[in-house]
Amino acid sequence: MRYEFRITGRVSEPVAHAFPELREFPAARQTLFFGTVTDEAHLYGLLGRFRDLGLHVEEMRRLPD
C-alpha cells in the first residue's frame with residue numbers, strides 16, 4: 001500500500017532522515033512524504049514517529065497502487 005503524508009511546515013533534513021522508507025518533497029508551507037507502507041503496524045509506527053518528532057500530520061491518504 002502506498003501512502004502520502006502531508007506535514008505542517010518544512011521538515012529539516014535530519015528529521016526527514018528519520019523516515020528512510022519514505023521519499024520527502026518540500027511544498028508550500030508543507031512537507032510531503034510518500035512511500036510504501038507494509039501493514040497496519042508499519043502505518044501506526046510511522047504516525048508515532050511523526051508524533052514523537054513533534055510533526056503535525058495535516059493529511060494522510062492511501063494512494064492507488
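Check the entry above for the structure.
Just so it is clear, the structure is predicted and the values come from calculations on it, not from any experiment. Per chain, the residues get numbers from 1 upward, laid out in the order the sequence is written. Only residues with pLDDT of at least 70 are given local features in this predicted model, and only at 80 or more are side-chain atom pairs given and counted; all residues enter the totals for whole chains, interfaces and linings. Excluded from the side-chain calculations are hydrogens and water; all other atoms, namely the structure's heavy atoms, are used.

Q: Honestly, the nonpolar core in this entry has me stumped. Any pointers?
A: If you look at the biggest cluster of nonpolar residues, it comprises 13 residues, and the most contacted ones within it are Phe-5, Ile-7, Phe-19, Leu-22, Phe-33, Leu-46 and Phe-50. Every helix listed is a DSSP run of H or I at least four residues long, and every strand listed is a run of E at least two residues long, numbered separately from the N terminus. Elements represented by at least two residues in this core include exactly strand 1 (2–8) and helix 2 (40–52). Working rule for contacts: check all heavy atoms of both residues, and any pair within 4.5 Å makes them a contact. If sequence neighbours within four positions are ignored, Leu-46 has contacts with Phe-5, Phe-19, Glu-21, Leu-22 and Val-37. Among buried residues, those of type Ala, Val, Leu, Ile, Met, Phe, Trp, Tyr and Cys that are joined through side-chain atoms within 4.5 Å constitute a nonpolar core. Residue burial is assigned from relative accessible area. The probe radius is 1.4 Å, only protein chains are included, and a residue is buried under 20% of its type maximum, exposed over 50%, and partly exposed in between.

Q: How should I be thinking about the sheet that holds strand 3 (residues 30–36) in this particular structure?
A: Whether parallel or antiparallel, the strands of a sheet pair through hydrogen bonds between backbone atoms. Only strands that DSSP links by at least two bridges are regarded as paired with each other. Pairing is antiparallel in the open sheet, where four strands are placed in the order 2-3-1-4. Here the strands that pair on one side only, and so sit at the sheet edges, are strand 2 (22–27) and strand 4 (57–63). The sheet shows a mean angle of 20° between the axes of neighbouring strands, taken without regard to direction. Helix-sheet contacts for helix 2 involve strand 1, strand 2, strand 3 and strand 4, and the interaxial angle to strand 1 is about 15°. Lines fitted to C-alpha atoms define the axes here, with helix axes fitted over just the stretch in contact, and angles between the N-to-C directions of these axes take values from 0 to 180 degrees.

Q: Explain the pairing of strand 2 here, please?
A: Successive residues of a regular strand alternate their side chains across the two faces of the sheet. As paired strands, strand 2 and strand 3 are joined by six bridges and run antiparallel to one another. The partner of Phe-25 across the bridge, within strand 3, is Leu-32. The antiparallel pairing of strand 2 with strand 3 creates a hairpin that spans two residues between the two strands, and Arg-29 there sits at a positive phi of about 60°.

Q: Is there a simple way to explain the side chain of His-42 in this structure?
A: Within the fold, His-42 resides in helix 2. For His-42, a relative accessible area of 18% puts it in the buried group. Those residues within four positions of His-42 in sequence are excluded, and the remaining contacts are Glu-21, Thr-36 and Val-37.

Q: How should I be thinking about the environment of Arg-62 in this particular structure?
A: If you trace the backbone, Arg-62 turns up in strand 4. Residue class for Arg-62 comes out partly exposed when judged on its relative accessible area of 49%. Sequence separation of Arg-62 and Val-37 is 25 residues, and the distance between their C-alpha atoms is 9.4 Å. In this structure, Arg-62 is in contact with Met-1, Arg-2 and Tyr-3, ignoring residues within four places of it in sequence.

Q: Would you mind showing me how to read unusual backbone geometry here?
A: The phi angle of most residues is negative, glycine excepted, and most peptide bonds adopt the trans form. Phi at Arg-29 takes a positive value of approximately 60°, unusual for a residue other than glycine. Tracing the backbone shows Arg-29 in the loop between strand 2 and strand 3. The class of Arg-29 is exposed, set by a relative accessible area of 72%.

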